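For reference, the chains in residue letters:
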Amino acid sequence: MQILTTPQELAAQCRQWHAQGEDIVLVPTMGYYHAGHESLMDHARPLARRMVVSLFVNPTQFGPNEDLAAYPRDHERDAAIAERHGADVLFIPDEGSMYAPDHATWVEVPELSHGLCGLSRPTHFRGVCTVVMKLFMLTQADRAVFGQKDWQQQAVLRRMVRDLNVPVCIETCPIVREADGLALSSRNVYLTPEERAQAPELQRGLQAARALAARGEARVKVLRDAVLVRWAEFLTLGRLDYLAVVDPESLQPVDMLEPGRPALMACAVRMGKARLIDNILLTL
Ligand code: AMP
């Protein structure tokens, strides 16, 4: 596995592979790998002759009061993991090489970026789209793999790719969880033992809504209230950012579930220094 640190090196290597007739799959990440990242690499590995994993804590997707400086980093361990999972290249650029001091160009999908996580992170998806577009341009990847944990992110990126005719095929992998149901996240290291003990309640609340929907409850207000009542009792250390039920593709709010049309219940909860997100599909 090569470790590349400049956009120029990455572009040159990918151009060479394409010239040789070799296709490329890209796995964008911010590092500090856990089994969720590993599952993306394992899914990606057989999809193309060459696998590029990028590791970049992208400053433009962090808000001014967010955890950019504190975001956990361990490049040595990450490199060992990426190599073990078959990466041909691990791309670890430094900030200066990705953004010129007078960087002024942005890719945005406003329609899908203002709700859900966009409510409290208004510039987040603009940063995500811009950096992922840069990675698509540099690698000319044939395929790219993302996680369902960041459902809104992959929905936004799918729309960007469709609208701009980017010739890449996006694949999305299921959420990898701890045994107790907490979705794996690099940010889980911020949790205190007390917060960690309550955190699986995020998923349990969503599961309760899914069970109600499966038994025929179509009213989103009732489903939402059921989760909020549970959380009021069991998630006392959490502060709700949002809990919403939306169309999985358009991300538009849904009031009533309809037969044969799964809806996405998504949430974000702040616990101490962490902001946890999770989601589940509800089917009537
Ligand atoms: P991050 O490094 O947190 O930006 O995540 C990089 C990629 O890994 C994104 O596509 C995430 O959706 C995905 N990912 C993060 N956590 C998980 C998880 N628990 N299960 C599956 N994919 C994940």
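Keep in mind that what you see is a predicted model, and the values were worked out from it rather than measured. (Residues numbered from 1 in each chain as written. Predicted model: local features only at pLDDT ≥ 70, side-chain atom pairs only at ≥ 80, totals over all residues. Heavy atoms only, no water.)

1. Some remarks on the packing of helix α10 (residues 201-214) against helix α11 (residues 220-234)
Item 1. One can describe the packing of α10 onto α11 by two numbers: an axis separation of 9 Å at closest approach and a directional angle of 150°. Here α10 is positioned roughly antiparallel relative to α11, judged by the angle of their axes. The element α10 and its partner α11 pack so that their crossing is right-handed. Where α10 approaches α11, its residues Glu-201, Leu-202, Arg-204, Gly-205, Leu-206, Ala-208, Ala-209, Leu-212 and Ala-213 are matched on the opposing element by Leu-223, Ala-226, Val-227, Arg-230, Trp-231 and Phe-234.
Item 2. Split by residue class, the contact of α10 with α11 holds eleven nonpolar, one polar and three charged. (Axes fitted to C-alpha atoms, helices over the stretch in contact; angles between N-to-C directions. Helix = DSSP H or I, 4+ residues; strand = E, 2+ residues; numbered from the N terminus. Parallel < 35°, antiparallel > 145°, perpendicular 65-115°, else oblique. Left-handed = near helix turned anticlockwise from the far one by under 90°. Contact = heavy atoms within 4.5 Å. Nonpolar A, V, L, I, M, F, W, Y, C, P; charged D, E, K, R; others polar.)

2. A few points about the domain arrangement of the protein
Size of an interface: often given as the accessible area lost when the parts come together.
Item 1. Segmentation of the protein into domains returns domain 1 (2-173) and domain 2 (186-277).
Item 2. Using only C-alpha atoms to locate each centre, domain 1 and domain 2 end up separated by 27 Å.
Item 3. Counting residues at the interface gives 21 residues for domain 1, matched by 17 residues for domain 2.
Item 4. For the domain 1 and domain 2 pair, buried surface summed over both sides reaches about 1,600 Å², with 59% attributable to carbon and sulfur atoms.
Item 5. The interface formed by domain 1 and domain 2 contains one salt bridge.
Item 6. Arg-187 serves as the salt-bridge partner of Asp-67, at 2.8 Å between the closest nitrogen and oxygen.
Item 7. Put simply, domain 1 and domain 2 have six residue pairs in polar contact (both at pLDDT 80 or more) between them.
Item 8. Of all the elements in the fold, those that place two or more residues in the side of domain 1 that touches domain 2 are α5 (110-113), α6 (117-120) and α8 (151-163). (Domains from an automatic or database assignment. Buried area = accessible area lost by both parts, 1.4 Å probe. Salt bridge = Lys/Arg side-chain N within 4 Å of Asp/Glu carboxyl O. Polar contact = N/O pair within 3.5 Å; in protein donor to acceptor, adjacent residues only side chain to side chain.)

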